[in-house]
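Remarks on the overall topology
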Amino acid sequence: MSSLLRPEVRDYLDMMLACTGFPGHFAADETISELPLTFWMFFQEELQDTPIFNSADSVAPDFHIDPATGKPIFYAEGTSVDSPGGGMVNIAPASRAPDREQTATIAAIAKSIFARLVEILRMKSTFPPEAEWNAWDTDTRDRFTMYRRETSDMILSCAYVLRDEMLAYLIPLAARQLNDFETSAAPWHPLEATVFAVKSMSDAVLTDDLDPLDGIIGPEFLGRLSVTAHLPPRLHITVCLLIGSYGEWMATHPDHLARAARFLTAAVQVPKLSRAAVDALLTLCDLCRSQLVGEVDALVQLWTSVAPTLPPEQKSKLVKAVANVIQQMPYQQSMPRLWVVLDGIILDINRAFDACIQDPVNSREVVTNQLECLKSCCQGVSAPELKIELLDHHDPTGTIAAQSSQALPENTQNQEVTRVIWNTTRRTCDIYGGDAQVMRALCQFIIETLRNTLPIFSADLAPLVSLLVDTYAKHQMPVVLTVATAIACAHGDGSVKKAEEGVKTGLSALLEGIMGVTLQFVDRHDLDDVPDLVQAFFEMLTKVLDTKYATYCPWSLLSLPQATIDALLSRLLLRGLGMSERTAITSILSFLLAFLSTDHDDSALVVLTRYVVARCGADLVRELVAAIGGRQPRSLEEGFVDVLFKMSVRYTELTKCALVGCLAMEGFPSARVEREQKEAFVKNVIGIRQIVRFRGVVKQFSLQCRGLTNTAF
């Protein structure tokens, strides 16, 4: 960064600043100002990689004034980029200054450059007058909006350089502009651009900073805006976004929360503002839920009054925001409020059920949207520190089972909530069991109930299993298998000795029912026509078996009839390895790796695993070799090799015999390999215990089979 001391470098940066501040509004008047933004981004990253701003020798300058000329850096309102009000940096040559002074000088130059850049970006992101904006076509408006997003990112980069000095300039400027707007009917556009700049730099503001953020979140600014009549919608929206962006800061400064929440609550009720206000309110209620308990009744009242008029997406976010705050209340106080929130949702769903014949299109849409609201409500009332990703993550503490069995006081209201949730689930399956969109929404809701810390949302295991199996028997949808996976993960605990009898019976019935329906279905269909179903089915089996999930339940396979196991192997597993869909094959290979890993002395499935290997091990090896030899693309080769390696290590003799047998067939797996090459492959591959060496040998054989030997592959 010492090059900043060179006059020609400073001249170049001045030129880049001039290009960034090219006169006019972007997209309508010019397209130049967008080009230097990438340069400034890289320039800021280079600055951050140097010790300039961390050096003990660096001095925090007054970046309002150029350190060399004494001219102001930030421009007065209405001043153009090229006006004399913006001072040019003119520092003495580096050779005249000692090293300690050089460091401070470089820091001062860098900050002065970025200070000027902030002011340029603030002016360039200013909306045009309404008449001019309305005259723009849609494409020009969209391009200007995208440009504002890019300037927002660049303002954040500037904030990492300028830090507190940037807030110290922008917030007093916003206060002056608000005064002008209120007293002299000045345009709102410059004020909105300043608020936009403060919002954009929120990620660079530390949560323990107090001043000068007080000046814009506090009564001096936000409080005045709350009582300002006829606040322009664009300014109002930007202030809402500002509040949401500083939610984490307000969590540590709760004195401002009530004011911010009330500002957003009022904005939600205005259709033009509702989208931005709901987004900000959701952020605030998520990050500051415990501090907002005092506002819970106002939030519930807001929900009951505006929910019917909100678009579906906003409605779903608002109910989650309200539920976030309800979750922090004592149980006896939270349940009446939760019931008020749920009552309207359930009532709308029941009305849609009753009207599904007379008005099927609208009823379907209402049910789908209200199920999304139920899911969001369920997410909101879950304690954030206890949320469990049932389908994706390891839960070593076993908290899922503890949560699902959490005892709560029994009362009429609890029973009523449980009853209506179950009735809604059951009727949805009965009426819309064949509708993919509605069932997707329902299944997502059921998965959330399994994650939830309140058992009133969760149905009993036995009737839920029965409902799912019956629905799946009528309509074979992959999303139902996803729910089955979530149920198995929620109730499994890895050990048949720990599982309750009801859980063992329920999960065994679930797996047997799902597997029976799936096997009958695939007998009537080409697997390549239903790859998503095959993928979901084997992903379910993998989650049940894989020990990396603490809630796996391999013992649920032990109750399966032998005929079902045989059918799984011959009618689905081996056929599936010849599919053309990548994701389906990957799920089958993952299942095979998990299943073969259960063959150890501590596994409850050791007998079943060895039976399966003895039953179809040779056929499995043949399918693996066929895939490696050219039937499947090379991008899938590693998965097949890993399964073959597992077979070779655990069942060496069986694998050797299977390889010799299948490779003895003429032209298998490819006519390009001779008998000597096949024999060499078997000799080299058997006995290898290192996966890297094994992959190398198999890769070489695969290249021979594909005719790619001595090529770049």
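Residues numbered from 1 in each chain as written. Predicted model: local features only at pLDDT ≥ 70, side-chain atom pairs only at ≥ 80, totals over all residues. Heavy atoms only, no water.

With that settled, consider the overall build of the protein. Each helix and strand counted, the protein has 31 helices and zero strands in total. Taken over 713 residues, the protein has a buried fraction of 52%. For the protein, the exposed surface amounts to about 31,300 Å²; the carbon and sulfur share of it is 53%. (Helix = DSSP H or I, 4+ residues; strand = E, 2+ residues; numbered from the N terminus. Buried < 20%, exposed > 50% of the residue type's maximum accessible area, 1.4 Å probe, protein only. Areas by Shrake-Rupley, 256 points an atom, 1.4 Å probe, with all protein chains shown as cover.)

Once that is clear, we can look at the nonpolar core. Of all hydrophobic cores here, the largest spans 231 residues; its most connected members are L284, L318, F537, F538 and L541. If sequence neighbours within four positions are ignored, L541 has contacts with L511, M515, L557, L568 and F591. (Core = buried A, V, L, I, M, F, W, Y, C linked by side-chain atoms within 4.5 Å. Contact = heavy atoms within 4.5 Å.)

Across the interface, helix α7 (residues 189–200) lies against helix α10 (residues 233–245) with an axial gap of 9 Å and an inter-helix angle of 15 degrees. Classified by the angle their axes make, α7 and α10 are roughly parallel. For the pair α7 and α10, the crossing hand works out as left-handed. Across from L191, E192, V195, F196, V198 and K199 in α7, the residues of α10 making contact are R234, L235, T238, V239, L241, L242 and S245. Within the contact of α7 with α10, the residues separate by chemical class into eight nonpolar, two polar and three charged. (Axes fitted to C-alpha atoms, helices over the stretch in contact; angles between N-to-C directions. Parallel < 35°, antiparallel > 145°, perpendicular 65-115°, else oblique. Left-handed = near helix turned anticlockwise from the far one by under 90°. Nonpolar A, V, L, I, M, F, W, Y, C, P; charged D, E, K, R; others polar.)

A few words on a negative patch on the surface. Among the surface-exposed residues, D526, D528, D529, D532 and E581 lie close enough to one another that they form a single negatively charged patch. Here D528 lies in the loop between α23 (501–523) and α24 (531–545). (Patch = residues over 30% accessible without salt bridge, like charges linked within 9 Å, V, L, I, M, F, W, Y side chains within 5 Å. Salt bridge = Lys/Arg side-chain N within 4 Å of Asp/Glu carboxyl O. Lys, Arg positive; Asp, Glu negative; His and termini not counted. Charge placed at Lys NZ, Arg CZ, Asp CG, Glu CD.)

A few words on unusual backbone geometry. For the bond from F668 to P669, the omega torsion is -5 degrees, close enough to zero to count as cis. Within the secondary structure, P669 is located in the loop between α29 (652–663) and α30 (675–685). Here R163, not a glycine, exhibits a phi torsion of approximately 55 degrees, which is positive. Notably, N710 is not glycine yet its phi reads approximately 60 degrees, a positive angle. Within the secondary structure, N710 sits in the segment after α31 (691–706). A residue is classified by how much of its surface remains accessible, and N710, at 81% relative accessible area, is exposed.

What follows deals with the side chain of E30. Note that E30 resides in the loop between α1 (7–20) and α2 (37–48). Judged by its relative accessible area of 5%, E30 falls in the buried class. Engagement of the side chain of E30 in a polar contact is seen with the side chain of K124, the distance being 2.7 Å. (Polar contact = N/O pair within 3.5 Å; in protein donor to acceptor, adjacent residues only side chain to side chain.)

This part takes up the packing of aromatic side chains. Under the defined criterion, the tally for this structure stands at 18 aromatic pairs. A centroid spacing of 5.2 Å and a plane angle of 65 degrees characterise the contact between F645 and F694, whose relative ring orientation is edge-to-face. Here F645 is found in helix α28 (residues 637–650), whereas its partner F694 is found in helix α31, with 49 residues between them in sequence. Residue classification places F645 among the buried residues on the basis of a relative accessible area of 15%. (Phe/Tyr/Trp six-rings, centres within 6.5 Å; stacked < 30°, edge-to-face > 60°.)

Moving on to α24. Taking 1.5 Å per residue as the helical rise, α24 with its 15 residues ought to reach 21 Å, and the 21 Å between its terminal C-alpha atoms agrees with that figure. For α24, the secondary structure elements touched by its buried residues are α21 (461–474), α22 (478–491), α23, α25 (562–576) and α26 (582–596). (Expected span 1.5 Å × (residues − 1).)

This part takes up the environment of Y611. Counting through the fold element by element, Y611 comes out in helix α27 (residues 606–631). Between the C-alpha atoms of Y611 and I565, which are 46 residues apart in sequence, the distance is 9.9 Å. Each residue touching Y611, except ones within four places of it in the same chain, is listed here: Q562, I565 and D566. Within the structure, the side chain of Y611 is placed 2.9 Å from the side chain of Q562, a separation counted as a polar contact.

Axis separation between helix α17 (residues 360–380) and helix α19 (residues 412–432) bottoms out at 12 Å; the angle between their running directions is 145 degrees. Along this stretch, α17 crosses α19, giving a crossing that reads as left-handed. Listed contacts from α19 to S363, R364, V367, L371 and L374 of α17 are I421, T424, T428 and Y432. Grouping the constituent residues of the contact of α17 with α19 by class yields five nonpolar, three polar and one charged.

Per-residue confidence for the protein averages 86 on the pLDDT scale, and 85% of its residues sit at or above 70. Note on residues 386–408: pLDDT under 50 across the span, and 45 contacts to partners over four residues away in sequence or across chains. (pLDDT = per-residue confidence, 0-100.)

This part covers a nonpolar patch on the surface. On the surface, a nonpolar cluster with roughly 270 Å² of combined accessible area is contributed by F22, I32 and L35. Within the fold, F22 resides in the loop between α1 and α2. In this structure F22 comes out as partly exposed when scored by relative accessible area, which is 36%.

With respect to the element layout, Q48 can be found in helix α2. By relative accessible area, which is 33% here, Q48 ends up partly exposed. For the pair formed by Q48 and V161, sequence separation is 113 residues and the distance between their alpha carbons is 7.6 Å.

This part takes up the pattern of salt bridges. In this structure the tally under the stated criterion is 30 salt bridges. For the salt bridge of R116 with D14, the shortest nitrogen-to-oxygen distance reads 3.0 Å. Highlighted residues: R116 in helix α3 (residues 99–124) and D14 in helix α1, separated in sequence by 102 residues. With respect to burial, R116 and D14 carry one shared label: buried. The shortest N-O distance in the salt bridge between E679 and R675 comes to 2.9 Å. Pair noted here: E679 and R675 are both in helix α30, with a separation of four residues, about one helical turn.

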